Amino acid sequence: MLRLGYNTSAFAHSHNMTYIIGLLHDLGYDGMELTLDRRHFHPHFTDGDARRQLARHVAAHNLEVVLSVGGRYVLSEVAHEPSLVSVTAAERQRFVDFAEETIRLAPAVGARTIMLHSGTLRPGADSAEAWRWLVAEVAYLAEVAQSCGVRLGFEFHPAMFIATLPDYRRLKAAVGSPSLRLTLDVGHVVCTDTRPVSEVIAECADEIVNVHLEDIKGRKHVHLPIGHGDIDFADVFRGLKAIGYGGLINAEFNTDDLEVDECQLARQTVEHLRQLM
């Protein structure tokens, strides 16, 4: 049975994690993807008590959790900076340290998967050099994940250095770790691949540990509410059922970009997706 989750990035104005966890449970979600940021929960600004409280709330509501280090402003006021491909070693190390802290946090809150992406290469930066940085950093983080008994769910993103499925496959081959797996964002597939999403899912059957879901109009990378774009969700769900996918399917929006009521969006999303499933 397919299982629905919801990304906390959709709660731009609701910051109380106790409230969000209770809401998602009451709406019938099976889990959540917790995007670590200053709004909701940030490992740099929380102590052991806060972490234990989060774990208790999640367990009490029987929600599965994925952790994400993909927040826009998690470490600065500049979107997705620093990242794994920032120009200076100090910037890259800040992100690696944050990602490592998140990986080590995961077992304490019951998370088995940590979502991450590459970040965007700045104009004029050397792509070959950035590739070497990225491989070394992801290899290190994969080792940390393996030592903690969790796995990385790496997401390709059309606006970032690792932009497509072939880019991810190249990175996977270069790193060579079983702890490096795939977060498959359905909208990103639509934006970067002309095949039916179910065909891509079948190709990646052994790699997918996390799924992101949103609607897309045409091939423009803007996350829209379900039903506001052109994605064939029946095809998506057929593909996931065919491979026996058992992880979370996390609806992912950023309500900074949408003029919507956040609670209503969460409610409409689960109702719409349950009908489509």
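Criteria and cut-off values
The residue numbering used here restarts from 1 in each chain and proceeds along that chain's sequence as written. Residues qualify for local features only when their pLDDT is at least 70, as the model is predicted, and side-chain atom pairs are given and counted only at 80 or more; totals for whole chains, interfaces and linings, by contrast, use all residues. Side-chain numbers here rest on the full set of heavy atoms in the structure, without hydrogens or water. Numbering of helices and strands starts at the N terminus; helices are DSSP runs of H or I of at least 4 residues and strands are runs of E of at least 2. Note that the radius of gyration is over C-alpha atoms, with the globule rule given as 2.2 Å times the number of residues to the power 0.38. Only protein chains enter the accessibility calculation, which uses a 1.4 Å probe; a residue whose area is less than 20% of its type maximum is buried, one above 50% is exposed, and one in between is partly exposed. A contact between two residues is defined here by any heavy atoms of the two lying within 4.5 Å. Method for areas: the Shrake-Rupley scheme with a 1.4 Å probe, in which residue coverage is limited to the protein chains shown. Charged residues are defined here as Lys and Arg on the positive side and Asp and Glu on the negative side; His and the ends of the chain fall outside this count. Note that the charge is assigned to NZ on lysines, CZ on arginines, CG on aspartates and CD on glutamates. Here a cavity denotes grid points, spaced 1 Å and computed from the protein atoms alone, that fit a 1.4 Å probe unable to get out, and a pocket denotes an open set having protein on both sides within 12 Å along at least 5 of 7 lines; residues with an atom within 4 Å of a point are the lining. Grid points are joined across faces, edges and corners, and a volume is the space filled by probe spheres set on the points. Each residue is assigned to one of three groups, with Ala, Val, Leu, Ile, Met, Phe, Trp, Tyr, Cys and Pro labelled nonpolar, Asp, Glu, Lys and Arg labelled charged, and all others, Gly among them, labelled polar. A strand pair is defined by DSSP finding two or more bridges across the two strands. Residues belong to a common nonpolar core when they are buried Ala, Val, Leu, Ile, Met, Phe, Trp, Tyr or Cys residues joined through side-chain atoms within 4.5 Å. By convention in these notes, a salt bridge is any Lys or Arg side-chain nitrogen within 4 Å of a carboxyl oxygen on Asp or Glu. Angles run from 0 to 180 degrees between N-to-C directions of axes, and those axes are lines fitted to C-alpha atoms, restricted for helices to the stretch in contact.

A. Examining the overall build of the protein chain more closely. Each helix and strand in the protein chain was counted, giving nine helices and eight strands. At 17 Å, the protein chain has a C-alpha radius of gyration in line with the 19 Å of a compact globule built from 277 residues. Across its three principal directions, the C-alpha atoms of the protein chain cover 45 × 45 × 35 Å. Taking all 277 residues of the protein chain together, 57% fall into the buried category. Contacts in the protein chain between residues at least 24 apart in sequence constitute 77% of all its contacts with a sequence separation of at least 6. Summed over its atoms, the accessible surface of the protein chain is roughly 11500 Å², and 50% of this surface lies on carbon and sulfur atoms. Taking the average location of the 26 positive side-chain charges in the protein chain and that of its 37 negative ones, the two points are 3 Å from each other.

B. Expanded view of empty space enclosed by the protein. Scanning all chains against the criterion turns up one cavity of 30 Å³ or more. Taken together, Val69, Gly71, Arg72, Val74, His80, Glu81, Pro82, Ser83, Phe95, His117, Ser118 and Gly119 make up the full set of residues lining the largest cavity. Within the lining of the largest cavity, the residues separate by chemical class into four nonpolar, six polar and two charged.

C. Structural detail: the pairing of strand 2 (residues 31–35). Within strand 2, five of the five residues are buried, which leaves it mostly tucked inside the rest of the structure. Here three bridges tie strand 1 (residues 3–7) to strand 2, and the two strands are oriented parallel to one another. Paired with Asn7 across the bridge in strand 2 is Glu33. Where strand 2 and strand 3 (residues 64–68) come together, five bridges link them in parallel fashion. Across the sheet, residue Thr35 finds its bridge partner in strand 3, namely Ser68.

D. Molecular detail of the nonpolar core. Residues Tyr6, Leu67 and Leu171 are the most contacted members of the largest nonpolar core, which totals 90 residues. Ranked by the residues each element gives to this core, the list is headed by helix 4 (residues 127–148), at 10 residues. The contacts of Leu171, once residues within four sequence positions are left out, are Trp131, Leu134, Val135, Val138, Phe154, Ile162 and Leu180.

E. Broad picture of the environment of Ile208. Along the chain, Ile208 turns up in strand 7 (residues 208–213). With relative accessibility at 7%, the residue Ile208 sits in the buried group. Between the alpha carbons of Ile208 and Gly247 there is a distance of 8.4 Å; along the sequence they are 39 residues apart. In this view, Ile208 contacts Leu182, Leu184, Ile201, Ile243 and Tyr245; residues no more than four positions away in its chain are not counted.

F. Broad picture of the environment of Arg104. Of note, Arg104 is situated in helix 3 (residues 89–105). Overall, Arg104 belongs to the partly exposed group, its relative accessible area being 45%. In the structure, Arg104 is positioned 13 residues away from Glu91 in sequence and 20 Å away in space, judged by C-alpha atoms. Not counting the four nearest positions on each side in its chain, Arg104 is found in contact with Val144, Ser147 and Cys148.

G. Structural detail: the layout of surface pockets. The space that makes up the largest pocket amounts to roughly 610 Å³. Considering the residues around the largest pocket, the lining is formed by 30 residues, among which Ser9, Gly70, Arg72, His80 and Asn254 are closest to the centre.

H. Highlighting the pattern of salt bridges. Inspection of every chain in the model, using the stated rule, returns 16 salt bridges. We note a salt bridge from Glu91 to Arg122, for which the minimum N-O separation is 2.8 Å. One end of the pair, Glu91, is in helix 3; the other, Arg122, is in the loop between strand 4 (113–116) and helix 4, and 31 residues separate them in sequence. On the basis of relative accessible area, Arg122 is assigned to the partly exposed category, the value being 30%. Two residues, Asp193 and Arg195, come together in a salt bridge whose shortest N-O distance is 2.9 Å. Using a relative accessible area of 18% as the deciding quantity, one classes Asp193 as buried. Each of Arg169, Asp193, Arg195, Glu199 and Glu203 takes part in a single network of salt bridges with overlapping partners.

I. Structural detail: the sheet that holds strand 8 (residues 248–251). Read once around its circumference, the closed barrel built from eight strands follows the order 1-2-3-4-5-6-7-8, with strand pairing classed as parallel. If you compare each strand with its neighbour and ignore which way they point, the axes differ by 30° on average. As paired strands, strand 6 (residues 180–185) and strand 7 are joined by four bridges and run parallel to one another. Across the sheet, residue Asp185 finds its bridge partner in strand 7, namely His212. Lying on the sheet, helix 4 is in contact with strand 4, strand 5 (151–155) and strand 6; it crosses strand 5 at an angle near 145°. In the packing of helix 9 (residues 262–276) onto the sheet, the strands contacted are strand 1, strand 7 and strand 8, and the crossing angle to strand 1 comes to about 160°.

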